[in-house]
Amino acid sequence: QHRFGVGQRSSLWRKGECPDVLTMTATPIPRTLALTRYGDQDLSVLDELPVGRRPVRTGVRSPARRDRVLEFAGEQMRDGRQVYVVYPVIDESESTDLTSAITGFEDLTHRFAEAQIVELLHGRMSTEEKRAVMARFAKGDIHMLVTTTVIEVGVDVPNATVMIVEHAERFGLAQLHQLRGRVGRGADQSYCILMSDSAPAAQTGAAQRLQVLCDSEDGFRIAQRDLELRGPGELLGIRQAGLPELVVADLVRQDGLVELARREAAAAVAAEHGEAGSGAAQAAAG
């Protein structure tokens, strides 16, 4: 859901007649969560961590504390653990002041070269190159992986205990929660450190988003807050976030009312068509 737009998903659904669709996500984006509100999707929640896992400790740190953060990462690596450092872009750009993964890799290699193996991973590498790097990281041959969001999903390295996200204010809540999910996959205590100029005490939108991550590991609570901050997008359009277009209801604050209206509509359609057609009627009303 995070990688596909509305039009792309629609084109997939049109390949069959009323195909069944299963969506799996740790943190629904606003539009996905909104679809459950409208009743367009049934919802099943798995709210327990696997046995033996601990909650990931999450905090926001300013660039002024980067040296201390890297010292902590070094301590973890000396203890035999592994570290991710995530950057929002691959290359430097004149249009932004973001530090790139390539620049970060050069700096971190210089800092840790004598004691630790630092490697770079990003989306412009070939599939074979990416697989080779990830295989070495999974084996423990790489101690620190400097990367972009290519490791957001599908990466399981239980020995990795530290996730450092640079320019964390540039990422969405769902993406940050997915990135945090790359650590805490083993029995050891894990940490997610969000590097940002937006301190939690500030009242900016970015600071509020980051504080949500610090306060909770519940993917649906995070998604609910993301929906409140970003809006559900368009019901009949392609925007996946933004202010709601409903005039008579607030999808976020009145989700119970929306659910009640959906049930009443389904009951009315079922009554009109008789009990035999109630299943199809409910689907149509949803």
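Not measured: the values here are computed from a predicted model.

Reading guide: rules and limits
Residues numbered from 1 in each chain as written. Predicted model: local features only at pLDDT ≥ 70, side-chain atom pairs only at ≥ 80, totals over all residues. Heavy atoms only, no water. Salt bridge = Lys/Arg side-chain N within 4 Å of Asp/Glu carboxyl O. Helix = DSSP H or I, 4+ residues; strand = E, 2+ residues; numbered from the N terminus. Buried < 20%, exposed > 50% of the residue type's maximum accessible area, 1.4 Å probe, protein only. Pairing = 2+ DSSP bridges. Axes fitted to C-alpha atoms, helices over the stretch in contact; angles between N-to-C directions. Contact = heavy atoms within 4.5 Å. pLDDT = per-residue confidence, 0-100. Expected span 1.5 Å × (residues − 1).

Examining the pattern of salt bridges
1) Next: Applying the stated rule across the entire model yields 9 salt bridges.
2) Next: One salt bridge in this structure joins D67 and R111, with 3.4 Å as the shortest N-O distance. Taken together, the residues span a long stretch of sequence, with D67 in helix 3 (residues 66-78) and R111 in helix 4 (residues 101-112) at a distance of 44 residues.
3) Next: Using a relative accessible area of 48% as the deciding quantity, one classes D67 as partly exposed.
4) Next: Note that E119 is salt-bridged to R136, the shortest N-O span being 3.2 Å. You can see E119 sitting in strand 3 (residues 118-121) and its partner R136 sitting in helix 5 (residues 127-139), a full 17 residues away along the chain.
5) Next: A single salt-bridge network, built from bridges that share partners, covers R68, E71 and E75.

Remarks on unusual backbone geometry
1) Next: The backbone of C18 sits at a positive phi, close to 50°, despite the residue not being glycine.
2) Next: Here C18 is to be found in the loop between helix 1 (6-13) and helix 2 (30-38).
3) Next: The class of C18 is exposed, set by a relative accessible area of 77%.
4) Next: Non-glycine residue H167 carries a positive phi angle of around 50°.
5) Next: When you line up the elements, H167 lands in the loop between strand 5 (160-165) and helix 6 (173-180).

A word on the sheet that holds strand 5
1) Next: A sheet is described by the order of its strands in space; here 6 strands give the open sequence 1-6-5-2-4-3, paired in parallel fashion. With one partner strand each, in any of the chains shown, strand 1 (57-61) and strand 3 form the two edges of the open sheet. Within the sheet, the average angular offset between the axes of one strand and its neighbour, ignoring direction, is 20°.
2) Next: Two elements, strand 5 and strand 6 (residues 191-195), share 4 bridges in a ladder whose sense is parallel. From the neighbouring strand, V165 faces strand 6, where its bridge partner is L194.

So, the environment of V183
1) Next: Structurally, the position occupied by V183 is in the loop between helix 6 and strand 6.
2) Next: Remark: the alpha-carbon pair of V183 and P55, spanning 128 residues in sequence, is separated by 9.8 Å.
3) Next: Ignoring any residue separated from it by four or fewer positions in sequence, one finds V183 in contact with V56, Y84, A160, T161, V162, M163, S190 and Y191.

Concerning the confidence of the model for the protein
1) Next: Per-residue confidence for the protein gives a mean pLDDT of 82; residues scoring 70 or more make up 78%.
2) Next: Confidence over residues 276-286 falls short of pLDDT 50; this stretch has 11 contacts with residues more than four positions distant or in other chains.

Digging into helix 3
1) Next: Along its 13 residues, helix 3 runs 18 Å from first to last C-alpha, staying within 8% of the 18 Å computed at 1.5 Å per residue.
2) Next: Restricting attention to buried positions, one finds in helix 3 the residues V69, L70, F72, A73, G74, Q76 and M77.
3) Next: One or two steps after helix 3, the chain reaches G80, where phi turns positive at roughly 95°.

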